[in-house]
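Topology and contacts: notes
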Amino acid sequence: MIEIRRAGPHDRQIVLDLVERLLAELEDSPNEFAGLDRARTLFDLASVGDTFIAFLARISGEAIGVLTVTETFAIYAGGRYGVIDEMYVLPERRSSGVGRVLVEAAKELGMVRGWRRIDVTAPPGPAFERTIRFYEEQGFVFTGPKLRCLLPGI
């Protein structure tokens, strides 16, 4: 049976390990995410407060998946809302309902917090059509890509 629970302070390393596995799968070019400073990330996780939430999926105590969601605010969204930043399920556990229950946990959190929406960015391209279909099956509507701007000096 899949157990979903909110990650606590003692789970930070597990969350980071699973997200690093996700990033390794997403890399378009070698070392795209090589700048991840583990010590700084763990420090930031400890100090970010209650706007960043991670859910862990476990079977028999083994961490098999993670979903991170951040609470943010925008006028266009009608106030506070959530953004799923990362979701990863071990390859051998995919298509077994783990992702669905992780997304359900995020939706439940959003309802408790009064969010009107949850956004997620799915990677573009044919390789990720399955990912987009998964989110659509969970009630998400495709609204297009997002862009990023890396800031210098940090």
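Structure shown above.
Values in this document were obtained by computation on a predicted structure and should not be read as measured data.

Parameters and conventions
By convention here, each chain's residues receive numbers from 1 onward along its written sequence. Only residues with pLDDT of at least 70 get local features here, since the model is predicted, and only at 80 or more are side-chain atom pairs given and counted; chain-wide, interface and lining totals rely on the full set of residues. Hydrogen atoms and water are omitted, and side-chain values are computed over all heavy atoms in the structure. Numbering of helices and strands starts at the N terminus; helices are DSSP runs of H or I of at least 4 residues and strands are runs of E of at least 2. Each radius of gyration is computed over the set of C-alpha atoms, and the globule rule expresses the reference value as 2.2 Å times the number of residues to the power 0.38. Exposure classes here rest on a 1.4 Å probe applied to the protein chains alone. A residue is buried below 20% of its type maximum, exposed above 50%, and partly exposed in between. Whether two residues are in contact is decided by their heavy atoms: any pair within 4.5 Å suffices. Note on areas: Shrake-Rupley, 1.4 Å probe, and residue coverage restricted to the protein chains presented here. Under this rule, positive means Lys or Arg and negative means Asp or Glu; His and the chain ends count for nothing. Charge placement uses NZ in Lys and CZ in Arg. For Asp and Glu, CG and CD serve respectively. Between rings of Phe, Tyr and Trp, where Trp is taken as its six-membered ring, a pair exists when centres lie within 6.5 Å; planes separated by under 30 degrees are stacked, by over 60 edge-to-face, and by other angles tilted. In this analysis an axis means a line fitted to C-alpha atoms, helices contributing only their contacting stretch, and an angle means the value between N-to-C directions, from 0 to 180 degrees. Any angle from 65 to 115 degrees is called roughly perpendicular, while one under 35 is roughly parallel, one over 145 is roughly antiparallel, and all others are oblique. Crossings are classed by handedness, with left-handed meaning an anticlockwise turn of the near helix from the far one by less than a right angle and right-handed meaning a clockwise turn. Asp, Glu, Lys and Arg are counted as charged, while Ala, Val, Leu, Ile, Met, Phe, Trp, Tyr, Cys and Pro are counted as nonpolar; the rest, among them Gly, fall into the polar class.

Some points on the overall build of the protein
- Along the backbone of the protein there are four helices and five strands.
- If you list the helices and strands of the protein from N to C, you get β-α-α-β-β-β-α-β-α.
- For 154 residues, the compact-globule estimate of 2.2 N^0.38 gives 15 Å, and the C-alpha radius of gyration of the protein, at 15 Å, lies within 12% of that figure.
- Its C-alpha atoms give the protein principal-axis dimensions of about 40 × 35 × 35 Å.
- Burial statistics for the protein: of 154 residues in total, 34% are counted as buried.
- A sequence separation of at least 24 residues applies to 61% of the contacts in the protein between residues at least 6 apart.
- Counting only carbon and sulfur atoms, one obtains 56% of the accessible surface of the protein, whose full area is about 9,700 Å².
- For the protein, the distance from the average position of its 19 positive side-chain charges to the average position of its 22 negative side-chain charges is 4 Å.

Observations regarding the packing of aromatic side chains
- The full count for this structure, using the stated rule, is three aromatic pairs.
- Arranged with centres 5.4 Å apart and planes meeting at 75°, the rings of Tyr-135 and Phe-140 form a pair that is edge-to-face.
- On the accessibility criterion, Tyr-135 (8% relative accessible area) is buried.
- For Phe-140, a relative accessible area of 14% gives the class buried.
- An aromatic cluster of three or more residues is present, and its members are Phe-134, Tyr-135 and Phe-140.

Structural notes on the environment of Leu-56
- Within the secondary structure, Leu-56 sits in strand E2 (residues 52-59).
- Here Leu-56 falls in the buried class, since its relative accessible area comes to 0%.
- Leu-56 sits 49 residues away from Ala-7 along the chain, and the two C-alpha atoms are 5.9 Å apart.
- Leu-56 has contacts with Glu-3, Ile-4, Arg-5, Ala-7, Asp-11, Ile-14, Val-15, Leu-18, Gly-65, Val-66 and Leu-102, leaving out every residue within four places of it along the chain.

What to know about the packing of helix H1 (residues 12-26) against helix H2 (residues 38-47)
- Two numbers describe how H1 lies on H2: the axes approach to 10 Å, and their chain directions differ by 125°. One finds that H1 runs oblique with respect to H2. Relative to H2, the crossing made by H1 is right-handed. Residues Arg-12, Gln-13, Leu-16, Asp-17 and Glu-20 of H1 pack against Arg-38, Thr-41, Leu-42, Leu-45 and Ala-46 of H2.
- Tallied by class, residues from the contact of H1 with H2 come to four nonpolar, two polar and four charged.

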